[in-house]
Each structure stands twice: as C-alpha cells, then as structure tokens.
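One letter stands for each residue in the lines below.
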Amino acid sequence: MEFERVKLDIDGPVGIVTLNHPEVMNAVSAEMLGGLMKALDQIEDPKNGVRCMLMTGAGRGFCAGANLQPSGGGPSGSRDAGSVLETQYHPFLRRLRELPIPFVTAVNGAAAGVGMSFALMGDLVLCGRSAYFLQAFRRIGLIPDGGSTWILPRLIGKARAMELSLLGEKLPAEKALEWGLINRVFDDADLIGKGKEFARDLASGPTIALGLIRRLYWESTDNTYEEQLNLERQMQRKAGNSADFGEGVRAFLEKRPAKFKGE
C-alpha cells in the first residue's frame, strides 16, 4: 500500500512500514506524518491480521529529522514550532506508544533529530553497522523533541543524554549498543532480513500478552511501586482471560510448541 511518503507492506502477520522519501533521507513532512497515520489505520484494522509492526527507511537513511525545506512542514518552518509538534507530530507519537502489538525498528543509516525519536520508540531497536544517531536540534537552534528528552535519560542516564543533546555529536550504532540505547547490530545487508525474523517471531507469539507487556513498561517509569503492582494485577487478569493463555498452558503440559493466535 502506498501513502504520502510512506509505504506499507503486509507480510502475513507483519506490517512493514517504510518511510519513503529517500531523496531527502526520509525527512519528516506533514505529508509523511499523514501517510504514517493512514498506515497505522491499516495496521490496527483487525481484518488485516497484523500482529507486529516493523519500521525502517527507504534508501540510505532511516530518517534525517524534520524536513527543513520551506514546504516541508517541519517545526523550523513555523514561527510557533511548538504548535506544529502538538498538531502534527504528537498524535503520531501517541499512537505509537498506544500500539496494542509489538513494534520493531530497523535503523539503516542516519536516525537524526525526530528521526532518532521515531527509531527509539521501537520495543526492539535493531541497527545496521553503518547506522548512527544524532541529536541534531542544537545545530538549528531548537531543543530536542519527539519525546527524546523523556526517552534518552531513561535509557542511558542524564549525563549521556545531555552530552548527545548539548554537543550534537554522532553516536555510531556500536557505541549505542554499548550504552544500552539499542538491542542489536547487524551487517547492513542483513538488517532488514533480521528485522523481519524478529517481527515474525513476535507476531507468532501471544500478542495480547506482548501488547500488555509493552504497556506495562511504558507506564512503569511514571508509576510508584504500588501503582505498578496494581497495574500488573490488572494486565495479568486480561492476559489470563485470553485464549492464548489456555493454549500456552496446554502446550506446556503436552510438551509441544504453542500455537498462539493473538486471541
């Protein structure tokens, strides 16, 4: 399926979203954000049977950040950059957070500015060896956005988050792995294939429980210990009422692989 600056391929239970404006290294525009929202509509439509989402970028980069051309619709093109974030970027980011299925990002080449934020929204972040991350905002006189000031200190600590944001230096994939920012690094030629492998594995799992797991971890950073215990109880009740739980127990007792259906 082709949308504005976005391509969606549904490969069985995996929805592959490709940022598709390689001429500008997939810089984010208002058109692309609209296309991404339409792609999410299809991924969340039960009739399409998507149980895991994989996001990558077309061409030689994942995403170069906001499109800074006057017609690009990025924050820099508006006198009220905050309003552009709230009306165009934040609805998409909130939908990513609320996805009821697992979400994998396969980061090829540059993930800069808000493109870095998109990449780090993945439950699993996979990178090609040539990939790098860049908090590019200081270079144009803006502050980090796309939720990066929330995500980065929680993943790598305040000192490293400040270093990336204040100095605006490239962070290579191997160093990002060493810091605990991402999950795996692969040779560039193997990245998409490996991304599909991970996505297929997740899609064949108990996706109701996996969706609840991602919600628990998103909520955990703002919860007290008692609040998190209560949320675990609520989520475990939902997981325990799923058909997948019954199948998992039967498969365990019968010493066979479980056949989960996401129900």
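Structure shown above.
Residues numbered from 1 in each chain as written. Predicted model: local features only at pLDDT ≥ 70, side-chain atom pairs only at ≥ 80, totals over all residues. Heavy atoms only, no water.

Attention now goes to the packing of helix α1 (residues 30–44) against helix α2 (residues 81–97). At a minimum axis separation of 10 Å, α1 and α2 run at an interaxial angle of 25°. With respect to each other, α1 and α2 are oriented roughly parallel. Pair α1 / α2 crosses with left-handed handedness. Residue-level contacts link Ala30, Leu33, Leu36, Met37, Leu40, Asp41 and Glu44 of α1 to Gln88, Tyr89, Pro91, Phe92, Arg95 and Leu96 of α2. When grouped by side-chain class, the residues that make up the contact of α1 with α2 number nine nonpolar, one polar and three charged. (Axes fitted to C-alpha atoms, helices over the stretch in contact; angles between N-to-C directions. Helix = DSSP H or I, 4+ residues; strand = E, 2+ residues; numbered from the N terminus. Parallel < 35°, antiparallel > 145°, perpendicular 65-115°, else oblique. Left-handed = near helix turned anticlockwise from the far one by under 90°. Contact = heavy atoms within 4.5 Å. Nonpolar A, V, L, I, M, F, W, Y, C, P; charged D, E, K, R; others polar.)

Our focus in this paragraph is α2. In this model, α2 (17 residues) spans 22 Å end to end at C-alpha, consistent with the 24 Å of a helix rising 1.5 Å per residue. Considering bend angle alone, the principal kink of α2 is centred on Tyr89 and spans about 45°; proline Pro91 follows within four residues of it. If you follow the buried residues of α2, they end up packed against α1, β4 (52–57), β5 (103–107), α3 (114–120) and α8 (207–220). (Expected span 1.5 Å × (residues − 1). Bend = angle between axes of the 7 residues up to and from the residue.)

The values reported here are purely geometric and, on their own, carry no functional implication.
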